[in-house]
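# Commentary on secondary and tertiary structure
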Amino acid sequence: MATIFWPLQSNIIRQNSVSNTFGMVRKYASGAPKPHQGWDFSATVQTPVFSIAEGSVAFVRDKGDYGLQLCLEFDFDGTTLYAFYAHLYKVHVAEGDSIQANQLVAASGESGNAQGMAVADQHLHFEIRTKAYAGLGLADRLSPAHVFGRCPLHQVIAG
């Protein structure tokens, strides 16, 4: 089984809020449940971001609500999965690069719809995907707890 590392040196869900975890944890203005596709880790702009496993860079792009994005392909229990990082400030790797586990790959930022957030809300958006380019809502995504075994809500987990 692949060794899995956490993406930051200090890993805690933003604002210790369930709404910043995976699943139908947010609400539309109407009050109806709204999906959140991953975990938002508290991270001020330019916090070092690390690869969670050995693998390769599936893509780097700067587009839409996610802003500057990095997607890493890796093997987990014989299945190809993708670690997706969003709202980045800078990416230190390029598409096709081989990546070592726990390698510095990016710096967190406030790109996309995270632009201009208060320092307390700055974060790294992180997803586990079953496809590099995932669909809408929760399609093609797994809870990051599938890979990490637990969710860092109300506790800091050191990388």
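In the block above lies the structure referred to throughout.
Residues numbered from 1 in each chain as written. Predicted model: local features only at pLDDT ≥ 70, side-chain atom pairs only at ≥ 80, totals over all residues. Heavy atoms only, no water.

## Section: the environment of Ala107
- Along the chain, Ala107 turns up in strand 10 (residues 104-108).
- In this structure the C-alpha to C-alpha distance between Ala107 and Pro48, which are 59 residues apart in sequence, comes to 4.7 Å.
- Each residue touching Ala107, except ones within four places of it in the same chain, is listed here: Gln46, Thr47, Val49, Leu88, Tyr89, Lys90 and His92. (Helix = DSSP H or I, 4+ residues; strand = E, 2+ residues; numbered from the N terminus. Contact = heavy atoms within 4.5 Å.)

## Observations regarding the nonpolar core
- Core analysis: the biggest nonpolar cluster contains 32 residues, and Ile52, Leu70, Phe74, Tyr85 and Leu88 have the highest contact counts within it.
- At the level of elements, strand 4 (39-42), strand 7 (67-76), strand 8 (79-91), strand 10, strand 11 (123-129) and helix 1 (145-148) are the ones that each hand at least two residues to this core.
- Within the second largest apolar cluster, seven residues are counted, among which are Phe59, Cys71, Phe84 and Ala132. (Core = buried A, V, L, I, M, F, W, Y, C linked by side-chain atoms within 4.5 Å. Buried < 20%, exposed > 50% of the residue type's maximum accessible area, 1.4 Å probe, protein only.)

## Examining the pattern of salt bridges
- Evaluation of the coordinates by the stated rule reveals six salt bridges.
- Here Arg14 and Asp121 are joined by a salt bridge, their closest N and O atoms 3.2 Å apart. Taken together, the positions of Arg14 in the loop between strand 1 (10-11) and strand 2 (23-27) and Asp121 in the loop between strand 10 and strand 11 put the pair 107 residues apart, joining distant regions of the chain.
- Residue classification places Arg14 among the buried positions, given a relative accessible area of 8%.
- In the salt-bridge network here, residues are joined through shared partners; they are Arg14, Arg26, Asp40 and Asp121. (Salt bridge = Lys/Arg side-chain N within 4 Å of Asp/Glu carboxyl O.)

## Side note on the environment of Phe76
- Looking at where Phe76 falls in the secondary structure, it is placed in strand 7.
- For Phe76, a relative accessible area of 4% gives the class buried.
- Here the alpha-carbon distance between Phe76 and His146, two residues 70 residues apart in the chain, equals 9.9 Å.

## Overview of the packing of aromatic side chains
- Counted according to the given criterion, the structure contains eleven aromatic pairs.
- Ring centres 5.8 Å apart and planes at 85° place the aromatic pair Trp39 and Phe41 in the edge-to-face group.
- With a centroid separation of 4.9 Å and an interplanar angle of 75°, the aromatic rings of Tyr66 and Phe84 are classed as edge-to-face. Linking Tyr66 in the loop between strand 6 (55-63) and strand 7 with Phe84 in strand 8, this pair joins segments that are 18 residues apart in sequence.
- With a relative accessible area of 19%, Tyr66 lands in the buried category.
- Assessed through its relative accessible area of 0%, Phe84 is described here as buried.
- Here the basic side chain of Arg61 rests over the ring of Phe59, its NZ or CZ set 5.0 Å away from the ring centre. (Phe/Tyr/Trp six-rings, centres within 6.5 Å; stacked < 30°, edge-to-face > 60°. Lys NZ or Arg CZ within 6 Å of the ring centre and 35° of its normal.)

## What to know about the side chain of His36
- Examined against the element boundaries, His36 turns out to sit in strand 3 (residues 33-36).
- Looking at His36, the relative accessible area reads 4%, which means it is buried.
- Reaching out from His36, the side chain makes a polar contact with the backbone oxygen of Thr21 at a distance of 2.9 Å.
- Not counting the four nearest positions on each side in its chain, His36 is found in contact with Ser19, Asn20, Thr21, Phe22, Gly23, Val25, Arg26, His125 and Leu138. (Polar contact = N/O pair within 3.5 Å; in protein donor to acceptor, adjacent residues only side chain to side chain.)

The values are spatial; any link to function lies outside them.
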